[in-house]
Amino acid sequence: MTQQTESRPVGTFRSRFMQEAEARGFVFQCTDAAALDAAMLAGPVCGYIGFDPTADSLHVGSATQIMLLRLLQKHGHRPIALLGGGTAKIGDPSFREEARSLMSEDTIATNIAGIERSLRQMMTFGDGPSDAILANNADWLDKLSYIDLLREVGVHFSVNRMLSFDSVRSRLEREQGLTFLEFNYSILQSYDFRELNRRYGVTLQMGGSDQWGNIVSGIDLVRRTDSKQVFGLTAPLLTTASGAKMGKSAKGAVWLSADKLPVFEYWQFWRNTEDADVGRFLKLFTDLPVEECDRLGAFEGADINEAKKILATEATALCHGRAAAEEAAETARRVFVSGQSAASLPTRTLPRADLQTGLPAFRLFAEAGLASSNGEARRLIRGGGARLNDAQITDEGQIISLADVVDGALKLSSGRKHHILVRPED
């Protein structure tokens, strides 16, 4: 393989896109970073990211990729969102334990329509020089002749090298077979890169780090068949500070579509961000200046809750619009502000000194009356039915303190129907 990652000191990029992408934490791997940086200084670059329509909405784990495309657009380059109407008929095997279920044409069309709505909300599409383009690889993959593909493209792929990809090797090492259908996915994704280069002049493919092998294969195919230099850039696959996979909540996937997840619950997902992730997520999922993200992320104690509200509102505004985001923030405020929430939620007080020190979660639930004993409180938490400020508690010994107070209260929930506000009292 001729393309390799390049180790580059932080802060040495000169193009505005690469500078900001690095500062925000989007750059994980890059092929010939110096040449890509120079190309962006020389003029507009056209770059793409692919989205396979495996559901009728993207989830928040895909928001990183959309934010990369937005950043490309912000700095005068042209983004392409490629919908995998063709590759969806195979399914990306990357790091999956088993093959995806094959989808019908109707299901793929429905999924594409749902994903398109989210993409159009978060990017500007049109005919301008930096307006985004929406493409569908079914437009060319559906027309391929298998024999022609093998002769023209397949000859450039080494099975030995394909077997070395992390995404393939991890599957084989677990002795969970890889079908020949799935094995072709990398070839088709490489074909996409070359086709987009020929149609739109695309010279950059971006994606999550799990796509590195497929991206490098596409770069090599363009070099071998068209003698052109193109580039690849990947963003890190995100986990939370506690190691949880990004894009999941206690209730399941955090969808970008309001039809699958109410806007208020989307806002709450961001509001429940772990303290250690606030600054990082502000840089990745909002348009706030990097310096402001760093400032807000440095807050500690009760102050970090204000930064979480800003994160929630700004991230929700990008996905659902400013009005919907502010309405969600106001709904949350009404739940926690005493004068309005007291009418619907019971309230109890605890000595401020107790919360200053902090109480184990099981003891707090018992003292708040949501469990009849410490033992019952422990069982509630172990069963996944306990929540603090709408976030599931998974550790019965988790210490809850004044740092967790939101707008003057702790909101404790047992199941979906039993809630109580606990207020610190001097």
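Scroll up a little and you will see the structure.
Okay, so let's go over this structure. (Residues numbered from 1 in each chain as written. Predicted model: local features only at pLDDT ≥ 70, side-chain atom pairs only at ≥ 80, totals over all residues. Heavy atoms only, no water.)

What the protein contains, in helices and strands, is 20 helices and 15 strands. In the protein, which comprises 426 residues, the proportion classed as buried is 52%. In the protein, 73% of the contacts between residues at least 6 apart in sequence involve partners at least 24 apart. Working note: accessible area of the protein is about 19,100 Å², and carbon and sulfur atoms make up 49% of it. (Helix = DSSP H or I, 4+ residues; strand = E, 2+ residues; numbered from the N terminus. Buried < 20%, exposed > 50% of the residue type's maximum accessible area, 1.4 Å probe, protein only. Contact = heavy atoms within 4.5 Å. Areas by Shrake-Rupley, 256 points an atom, 1.4 Å probe, with all protein chains shown as cover.)

The residue Asp32 is not glycine, and still its phi comes out positive at about 45 degrees. Take Asp32: it is sitting in the loop between β1 (29–30) and α2 (33–42). Of note in this structure, Ser227 is not a glycine but carries a positive phi near 55 degrees. By secondary structure assignment, the location of Ser227 is in the loop between α11 (212–226) and β6 (231–235).

Here we take up the sheet that holds strand β12 (residues 391–392). Hydrogen bonds between backbone groups are what pair the strands of a sheet, and the pairing can be parallel or antiparallel. Read from one edge to the other, the open sheet built from five strands follows the order β9-β15-β14-β11-β12, with strand pairing classed as mixed. Each edge of the open sheet is held by one strand with a lone partner, namely β9 (347–351) and β12. As defined by bridge partners, strand β11 (residues 386–388) adjoins β12 across two bridges and the pair is classed as antiparallel. Following the sheet pairing, Leu388 is matched in β12 by Ala391. (Pairing = 2+ DSSP bridges.)

With that out of the way, let us pick up the environment of Glu265. With respect to the helices, strands and loops of the structure, Glu265 is situated in helix α12 (residues 263–271). Under the relative-accessibility criterion, Glu265 is labelled partly exposed at 30%. Residues Glu265 and Asp390 lie 125 residues apart in sequence; the distance between their C-alpha atoms is 9.3 Å.

This brings us to the sheet that holds strand β4 (residues 133–136). Reading across from one edge, β1-β6-β5-β2-β3-β4 is the order of the six strands in this open sheet, with mixed pairing throughout. The outermost strands of the open sheet, each flanked by one partner alone, are β1 and β4. Sheet topology note: the strand β5 (residues 204–208)/β6 ladder contains five bridges and is parallel. Looking at the pairing, Gln205 lines up with Gly232 of β6. The strands that helix α10 (residues 185–200) touches are β2 (46–51), β3 (78–83), β4, β5 and β6; relative to β2, the one it contacts most, it runs at about 145 degrees. Its contacts with the sheet put α11 on β1, β5 and β6, and the angle it makes with β6 is roughly 170 degrees. (Axes fitted to C-alpha atoms, helices over the stretch in contact; angles between N-to-C directions.)

On to helix α13 (residues 278–285), then. Judged by how many residues are buried, α13 sits mostly within the fold: seven of eight residues are covered. Of the positions making up α13, those classed as buried are Val278, Gly279, Phe281, Leu282, Lys283, Leu284 and Phe285. In this fold, the buried residues of α13 make contact with α1 (16–24), α3 (63–74), α12, α14 (290–297) and α15 (304–320).

Right, let's get into the pattern of salt bridges. On inspection of all chains with the given rule, the structure shows 24 salt bridges. The closest approach of N and O atoms between Glu314 and Arg322, which form a salt bridge, is 3.0 Å. Residue Arg322 is classed as partly exposed on the basis of its relative accessible area of 38%. Among the ionic pairs, Lys411 bridges to Asp390, the shortest N-O distance being 3.2 Å. One end of the pair, Lys411, is in strand β14 (residues 410–414); the other, Asp390, is in the loop between β11 and β12, with 21 residues separating them in the sequence. You can call Lys411 buried: its relative accessible area is 9%. The exposure class of Asp390 is partly exposed, given its relative accessible area of 22%. Sharing partners across several salt bridges, the network here consists of Glu20, Arg24 and Lys74. (Salt bridge = Lys/Arg side-chain N within 4 Å of Asp/Glu carboxyl O.)

Honestly, it's all geometry; don't read function into it.
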